[in-house]
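One letter stands for each residue in the lines below.
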Amino acid sequence: MGPADAIDATQDTGLRHVAGLSTDLRDVVEVEQRQVRLERVVLAGVWTSGTITEAESSLAELAALAESAGALVLDGVVQRRDKPDPATYIGSGKAAELRDIVEQTGADTVVCDGELSPAQLVRLEEVVKVKVVDRTALILDIFAQRATSSEGKAQVALAQMQYMLPRLRGWGASLSRQMGGGGGGGMATRGPGETKIETDRRRLRDKMAKMRRDIEDMKTSRDLKRQERRRNKVPSVAIAGYTNAGKSSLLNRLTGADVHVQNALFATLDPTVRRTETPTGRAYTLADTVGFVRHLPHQLVDAFRSTLEEVAEADLILHVVDGSHPDPEAQIEAVRAVIGEVGGAGVPEVVVVNKADIADPRKLERLLAAEPRSVAVSARSGEGIAALRARIEQELPHPDTEIEVLVPYTAGHLVARIHATGEVLTETHEENGTRIKANVEAQLAAELAGYAV
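The model shown is predicted, which means the values in this text are computed figures rather than measured ones.

Rules and cut-offs
- Residues numbered from 1 in each chain as written.
- Predicted model: local features only at pLDDT ≥ 70, side-chain atom pairs only at ≥ 80, totals over all residues.
- Heavy atoms only, no water.
- Pairing = 2+ DSSP bridges.
- Helix = DSSP H or I, 4+ residues; strand = E, 2+ residues; numbered from the N terminus.
- Axes fitted to C-alpha atoms, helices over the stretch in contact; angles between N-to-C directions.
- Buried < 20%, exposed > 50% of the residue type's maximum accessible area, 1.4 Å probe, protein only.
- Right-handed = clockwise from strand over helix to strand, strands pointing away.
- Polar contact = N/O pair within 3.5 Å; in protein donor to acceptor, adjacent residues only side chain to side chain.
- Salt bridge = Lys/Arg side-chain N within 4 Å of Asp/Glu carboxyl O.
- Core = buried A, V, L, I, M, F, W, Y, C linked by side-chain atoms within 4.5 Å.
- Contact = heavy atoms within 4.5 Å.
- Nonpolar A, V, L, I, M, F, W, Y, C, P; charged D, E, K, R; others polar.
- Arc of directions from axis to C-beta.
- pLDDT = per-residue confidence, 0-100.
- Lys, Arg positive; Asp, Glu negative; His and termini not counted.

A.B. asks: How should I be thinking about the sheet that holds strand E7 (residues 272–277) in this particular structure?
C.D. replies: To summarise the sheet geometry, strands pair through backbone hydrogen bonds and adopt either a parallel or an antiparallel arrangement. Across the sheet, 6 strands lie side by side as E7-E8-E6-E9-E10-E11; this open sheet has mixed pairing. The outermost strands of the open sheet, each flanked by one partner alone, are E7 and strand E11 (374–376). On average, each strand axis in the sheet is inclined to that of its neighbour by 25°, with strand direction left out of account. Bridge count between strand E10 (residues 349–354) and E11: 3 bridges; the pairing is parallel. The partner of Val353 across the bridge, within E11, is Ala376.

Have a look at this one:
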């Protein structure tokens, strides 16, 4: 961090405009083809630590999120503060300045780069006179648009309800009192009873409880498939990484699958599991997971926990990083934080630096030097894919029981299992059957004991 960028307590704490955030409206056709009502937004961030470059990078990511949600970004400002203002997030004076910017640009929404408390949302809306949305609500909205499967929709709905619960409003004009406990009048009916907001919260909690049960039922299917893979000793590899780092493209390149690929944030929400083989023919599964982002809302981590278990239960994590991004180190840190949250911190990890064909060579070299267990690839061109396949084979857990057997040709299914789950050292075809020397799991070795040479 250069001294010119570092926080200086004496520097101007006014609103600082961040250049290059406005959505380009020249291609009117592209804008009209979007299927959602385009909100006109102004972004606002509070810069509390780090460099101004990092603050502007965070706001640029917020702009990309807003555009992914179908908004037009008109302007963006960051303000230097020691900590966000507890009342209005950016302070009352700066909130008034923000209102002027909203009026000048004709915006109808302000998006804040942080998670605001219910009080901050209400107070800031009162000042700027337009709808205020925080980073968490914005990401939840994108997930709601992207979810396609019943499980994905249920997980997003649960996350949205968890976010809404403390933000229910109702103490104003909608305040209503129900009768207190008891029936038939008399003293039992005195007292305030249950307020409308309490009723709303209770209903929301009931819905959340039902949603959790539904998600748990859907999770059973994935658990059964995972148990089947474990029983057959098929190693599992999970692809994790920042949103838009190229995880689905890498899955397609490694397996020949046809998974949806789009240059958009959170284009893939539903986990995809595909079976493939190492260069020597050993089978393993590859699971593509939901993309991560800095400050991924904890409601989403909780709701998608069953999906993210693919990471925690894997034998190996392929941590995909966008090598062409301005700050890949920050993305690596954010992804590892989420992996740790879901219990995957102890799983072996290979850092896959993707988009090597368009990355700055010096930055690529720096990344590979900082991450010793790393491979540079391009999912688009295929560069480095062979090296990655070899690394996956090297990193997968190795069966530890050596056998030498002569399997009759009538038991060809056992030969297939040796190839699928073990490591074949030598194989010859003789008159009475197939002679194989291999490393296999103890369970398979016991089944093959009768054929030992």
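A.B. asks: Would you mind going over the environment of Arg274 with me for this structure?
C.D. replies: Among the secondary structure elements, Arg274 is positioned in strand E7. Expressed as a C-alpha distance, the spacing of Arg274 and Leu254, which sit 20 residues apart in the sequence, is 9.6 Å.

A.B. asks: Mind showing me how you'd approach the pairing of strand E9 (residues 316–322) here?
C.D. replies: Two faces, one strand: in a regular strand the side chains alternate between the faces of the sheet. Burial analysis of E9 places 7 of its 7 residues in the buried class, the great majority of the element. What you see with E9 is no split at all: Leu316, Leu318, Val320 and Asp322 on one side and Ile317, His319 and Val321 on the other are buried throughout. Pairing analysis gives 5 bridges linking strand E6 (residues 236–241) to E9, with the strands arranged parallel. Residue pairing for E9: Ala240 is matched across the bridge by His319. By the bridge criterion, 6 bridges tie E9 to E10 in an arrangement that is parallel. Each bridged residue has a counterpart across the sheet, and for Val321 the counterpart in E10 is Val353. What joins E9 to E10 is helix H11 (residues 328–341), and the crossover it makes is right-handed.

A.B. asks: What's the story with the sheet that holds strand E14 (residues 433–440) in this structure? I'm lost.
C.D. replies: Spatial ordering of the open sheet is given by E12-E14-E13, a layout of 3 strands whose pairing is antiparallel. Only two strands of the sheet have a single neighbouring strand rather than two, namely strand E12 (401–407) and strand E13 (423–430). For this sheet, the mean inter-axis angle between neighbouring strands, taken without regard to orientation, is 10°. Of the pairings in the sheet, the one linking E12 to E14 comprises 7 bridges and is antiparallel in character. Bridge assignment links Glu402 to a residue of E14, and that residue is Asn439.

A.B. asks: Honestly, the environment of Asp82 in this entry has me stumped. Any pointers?
C.D. replies: Topologically, Asp82 is positioned in the loop between strand E3 (71–80) and helix H3 (92–105). A polar side-chain atom of Asp82 sits 3.3 Å from a polar atom in the side chain of Arg80.

A.B. asks: Explanation requested: the pattern of salt bridges in the structure shown.
C.D. replies: Close approach of charged atoms lets side chains of opposite charge pair. Applying the stated criterion to the full structure yields 20 salt bridges. Ionic pairing is found between Asp85 and Arg81, a salt bridge with its closest N-O pair at 3.8 Å. A residue is classified by how much of its surface remains accessible, and Asp85, at 16% relative accessible area, is buried. Arg81 gets classed as partly exposed once you look at its relative accessible area, which sits at 21%. Arg336 serves as the salt-bridge partner of Glu349, at 2.6 Å between the closest nitrogen and oxygen. Here Glu349, found in strand E10, pairs with Arg336, found in helix H11; they are 13 residues apart in sequence, far enough to count as distant. Residue Arg336 is classed as partly exposed on the basis of its relative accessible area, which comes to 33%. Residues joined by salt bridges that share partners form a network here, namely Glu61, Asp113, Arg135 and Arg294.

A.B. asks: How do you make sense of the nonpolar core when you look at a structure like this?
C.D. replies: Among soluble globular proteins, nonpolar side chains are generally buried collectively. Grouped together as the largest cluster of nonpolar side chains are 79 residues, with contacts concentrated most on Leu43, Leu98, Val110, Val132, Leu138, Phe292 and Leu300. With 7 residues, helix H2 (residues 52–68) is the single largest residue contributor to this core. Counting residues in hydrophobic clusters, the runner-up holds 19 residues, among them Leu318, Val352, Ile385 and Leu388.

A.B. asks: Please explain the packing of H11 against helix H12 (residues 361–370) as it appears in this structure.
C.D. replies: The relative placement of two packed helices is expressed as an angle between their axes plus a distance between the axes. Between H11 and H12, the shortest axis-to-axis distance is 11 Å and the interhelical angle comes to 35°. Along the contact surface, H11 presents Pro328, Glu329 and Ile332, while H12 presents Lys363, Arg366 and Leu367. Per-class residue counts for the contact of H11 with H12 are 3 nonpolar, no polar and 3 charged.

A.B. asks: Explain H12 here, please?
C.D. replies: Given 3.6 residues per helical turn, the α-helix brings residues three or four places apart onto the same face. Listed in full, the buried residues belonging to H12 are Lys363, Leu364 and Leu367. In an axial view of H12, the angular spread of the buried residues amounts to 100°, which keeps them on one side of the axis. Turned more than 90 degrees away from the buried face of H12, the exposed residues are Pro361, Arg362, Glu365 and Ala369. In this structure Asp360 caps H12, since a side-chain oxygen of it lies 3.0 Å from the backbone nitrogen of Arg362.

A.B. asks: I'm lost on the confidence of the model for the protein chain in this one. Help?
C.D. replies: Low pLDDT marks regions whose predicted coordinates should not be analysed in detail. Taken over all residues, the pLDDT of the protein chain has a mean of 81, while the share at 70 or more is 81%. For residues 23–37, every residue scores under 50 in pLDDT, and the model assigns this stretch 16 contacts once sequence neighbours within four places are set aside.

A.B. asks: When you look at the side chain of Arg391 in this model, what are you seeing that I'm missing?
C.D. replies: Structurally, Arg391 is set in helix H13 (residues 385–395). Although Arg391 is buried, it forms no salt bridge, and the closest oppositely charged side chain is Glu395 at an N-O distance of 4.3 Å. In this view, Arg391 contacts Val350, Pro372, Arg373, Ser374 and Val375; residues no more than four positions away in its chain are not counted.

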